[in-house]
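Geometric and topological summary
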Amino acid sequence: MAQIAFIGLGVMGYPMAGHLSKAGHSVSVWNRTSKTAQQWANEYGGAAADSIAEAVSQAEIILTCVGADKDLREVYESPEGIIAHAPSSAILIDHTTASAGVAEALAKSANHRGLSFIDAPVSGGQQGAEKGQLTIMCGGAQEHFDAVRPVLECYARALTLMGAVGSGQKTKMVNQIAIAGLVQGLSEALHFAEQAELDVRKVVDVISKGAAQSWQMENRSGTMIDGEFEHGFAVDWMRKDLGICLDEARRNGSKLPVAALVDQFYGDVQDMGGNRWDTSSLIERLRKK
Ligand SMILES: NC(=O)c1ccc[n+]([C@@H]2O[C@H](COP(=O)([O-])OP(=O)(O)OC[C@H]3O[C@@H](n4cnc5c(N)ncnc54)[C@H](OP(=O)(O)O)[C@@H]3O)[C@@H](O)[C@H]2O)c1
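Residues numbered from 1 in each chain as written. Predicted model: local features only at pLDDT ≥ 70, side-chain atom pairs only at ≥ 80, totals over all residues.

As recorded in an unreviewed UniProt entry, the chain goes by 3-hydroxyisobutyrate dehydrogenase and comes from Marinobacter excellens HL-55. UniProt's Sequence similarities (unreviewed entry) comment on the chain is quoted here verbatim: "Belongs to the HIBADH-related family." (UniProt positions renumbered as here; feature names shortened; annotations may be inferred.)

1. Here we look at the overall build of the chain
From N to C terminus, the chain includes 14 helices and nine strands. The C-alpha atoms of the chain give 20 Å as radius of gyration, which agrees with the globular expectation for 289 residues (19 Å, within 12%). Overall, the C-alpha framework of the chain stretches about 65 × 45 × 35 Å when taken along its three principal axes. Buried positions account for 43% of the 289 residues belonging to the chain. Restricting the contact set of the chain to residue pairs at least 6 apart, pairs at least 24 apart contribute 64%. (Helix = DSSP H or I, 4+ residues; strand = E, 2+ residues; numbered from the N terminus. Rg over C-alpha atoms; globule rule 2.2 N^0.38 Å. Buried ≥ 20, exposed ≤ 12 C-beta atoms within 10 Å, placed from the backbone. Contact = placed C-beta atoms within 7 Å.)

2. Here's the deal with the environment of Trp 30
Here Trp 30 lies in strand β2 (residues 26–30). For Trp 30, a count of 25 C-beta atoms within 10 Å gives the class buried. Between the C-alpha atom of Trp 30 and that of Thr 160, which follows or precedes it by 130 residues, the distance is 27 Å.

3. Some remarks on the UniProt feature "domain: 3-hydroxyisobutyrate dehydrogenase-like NAD-binding" (unreviewed entry) in the chain
Mapped onto this numbering, the UniProt entry annotates "domain: 3-hydroxyisobutyrate dehydrogenase-like NAD-binding" (unreviewed entry) at residues 166–284. The distance from the first to the last C-alpha atom of residues 166–284 is 35 Å, and the span holds 71% helix and 0% strand.

4. Thoughts on the UniProt feature "domain: 6-phosphogluconate dehydrogenase NADP-binding" (unreviewed entry) in the chain
The positions UniProt marks with the feature "domain: 6-phosphogluconate dehydrogenase NADP-binding" (unreviewed entry) are residues 3–163. Taken end to end, residues 3–163 has its terminal C-alpha atoms 26 Å apart, with 43% of it in helix and 25% in strand.

5. Topic: helix α1 (residues 13–22)
Among the 10 residues of α1, nine are classified as buried, and the element is accordingly described as predominantly covered. All buried positions along α1 are accounted for by Gly 13, Tyr 14, Pro 15, Met 16, Ala 17, Gly 18, His 19, Leu 20 and Ser 21. Those residues of α1 that are buried are in contact with β1 (3–7), β2, α2 (34–44), α7 (125–131) and α8 (142–152). Gly 24 lies just past α1 and shows a positive phi near 105 degrees.

6. Some points on the nonpolar core
Among the nonpolar cores identified, the biggest contains 61 residues, and Val 29, Ile 61, Ile 62, Ile 82 and Leu 92 are the most heavily contacted of them. The element best represented in this core is helix α6 (residues 100–112), accounting for six residues. Contacts of Leu 92, omitting those with residues within four sequence positions, involve Ile 62, Ile 82, Ala 86, Ala 110, Leu 115, Ser 116 and Phe 117. (Core = buried A, V, L, I, M, F, W, Y, C linked by C-beta atoms within 7 Å.)

7. Regarding the domain arrangement of the chain
One can read the domain layout of the chain as domain 1 (3–164) and domain 2 (170–287). Spacing between the C-alpha centres of domain 1 and domain 2 amounts to 28 Å. Here the side of domain 1 that touches domain 2 is built from residues that sort into five nonpolar, five polar and no charged. (Domains from an automatic or database assignment. Nonpolar A, V, L, I, M, F, W, Y, C, P; charged D, E, K, R; others polar.)

8. A closer look at the site of the ligand
Neighbouring the ligand are 24 residues, the closest being Gly 10, Met 12, Arg 32, Thr 33 and Asp 71. When contributions to the shell around the ligand are tallied by element, the ones reaching two or more residues are α4 (69–77), β7 (122–123) and α7. Among the elements that line the shell around the ligand, the one with the most residues is α4, at three residues. Partitioning the shell around the ligand into residue classes produces nine nonpolar, 12 polar and three charged. (Near = placed C-beta within 6 Å.)

9. Description of the pairing of strand β9 (residues 156–163)
In this structure, strand β8 (residues 134–139) lies alongside β9, joined through six bridges in parallel fashion. For Ile 136, the partnering residue across the bridge sits in β9 and is Leu 159. With respect to chirality, the unit in which β8 leads through α8 into the neighbouring parallel β9 is right-handed. (Pairing = 2+ DSSP bridges. Right-handed = clockwise from strand over helix to strand, strands pointing away.)

10. Considering the packing of helix α9 (residues 167–195) against helix α12 (residues 235–252)
A pair of packed helices can be characterised by two numbers: the angle between their axes and the separation between those axes. Between α9 and α12, the shortest axis-to-axis distance is 9 Å and the interhelical angle comes to 110 degrees. Between α9 and α12, the angle falls in the class roughly perpendicular. Helix-helix and strand crossings are classified by hand; for α9 and α12 the assignment is left-handed. Residues Lys 170, Met 173, Gln 176, Ile 177 and Ala 180 of α9 pack against Asp 241, Leu 242, Ile 244, Cys 245 and Glu 248 of α12. (Axes fitted to C-alpha atoms, helices over the stretch in contact; angles between N-to-C directions. Parallel < 35°, antiparallel > 145°, perpendicular 65-115°, else oblique. Left-handed = near helix turned anticlockwise from the far one by under 90°.)

11. Re the packing of α4 against α6
For the pair α4 and α6, interaxial distance at closest approach is 11 Å and the crossing angle is 5 degrees. As summarised for this structure, α4 and α6 are arranged roughly parallel, according to the angle between their axes. Residues Asp 69, Leu 72, Tyr 76 and Glu 77 of α4 pack against Val 102, Leu 106 and Ser 109 of α6. By residue class, the composition of the contact of α4 with α6 is four nonpolar, one polar and two charged.

This is how it looks when you write it as structure tokens:
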């Protein structure tokens, strides 16, 4: 059993840290809003630390799941942060969806202190985190990946080392690019079915047995038909992710016309007040008169 610190108990981090504690690891948590850490400790029996320094002081493995690049810079590189306070030889693993550039920069700062770093963004959403069924895409050295595998398996359905640091984030970008076009396609299909005055649920029932089937159709079409979006993966997060994808595409020369367009469509959803709606809310801007 490992000594673990977990930083960032949001929608994703809270249940992920919970799986580690339930598996018998010794887990110390820190969250910016301290009452969440206290609530977590009451629920799972681990320790709620008052500072990052306290949370990581004994840790062999330090996990993070925060918001975006700037948040990572704060929790890793500030004088109160992880890199300044982690015990030497600790392995740092980040589950945030962020840029490959920030992963590479954090790995460099970590290496200067003899620490190792793995970028490990996840897919599978809140439900995947709660059920311990996440897909985890890692970038880092094989020996570090092998060392942390049993810990990450506590909440993984699939766990793969993709290559050097940054490769996990680049793989997550591929995932988000694929989802963006798919959700827009599904939104247009359901909107068309509504306008054609078909029985939309019956349409989904039949076409989901054929080539149009997808995770989004399976898991999101029902709530899209009902116009219910108070769940899942927030539009604000998706815009952050598509911004990262478009920046990386400018660097590597790939063309992402549909992802760029869907990013603007999500901007329309934000203008409709949908910042925290699920990403399947793209259909709402088609329904808008
Ligand atoms: N939700 C999903 O379905 C999903 C799926 C895959 C990947 N992701 C990615 O996973 C990451 C976390 O998502 P989430 O849904 O768990 O977000 P969330 O519920 O908003 O939680 C964010 C967490 O990060 C902490 N945090 C943010 N900025 C911080 C800072 N500057 N310093 C310290 N702590 C900070 C927050 O602390 P407070 O409690 O104090 O705000 C909170 O614990 C994001 O990168 C997201 O894109 C999310």
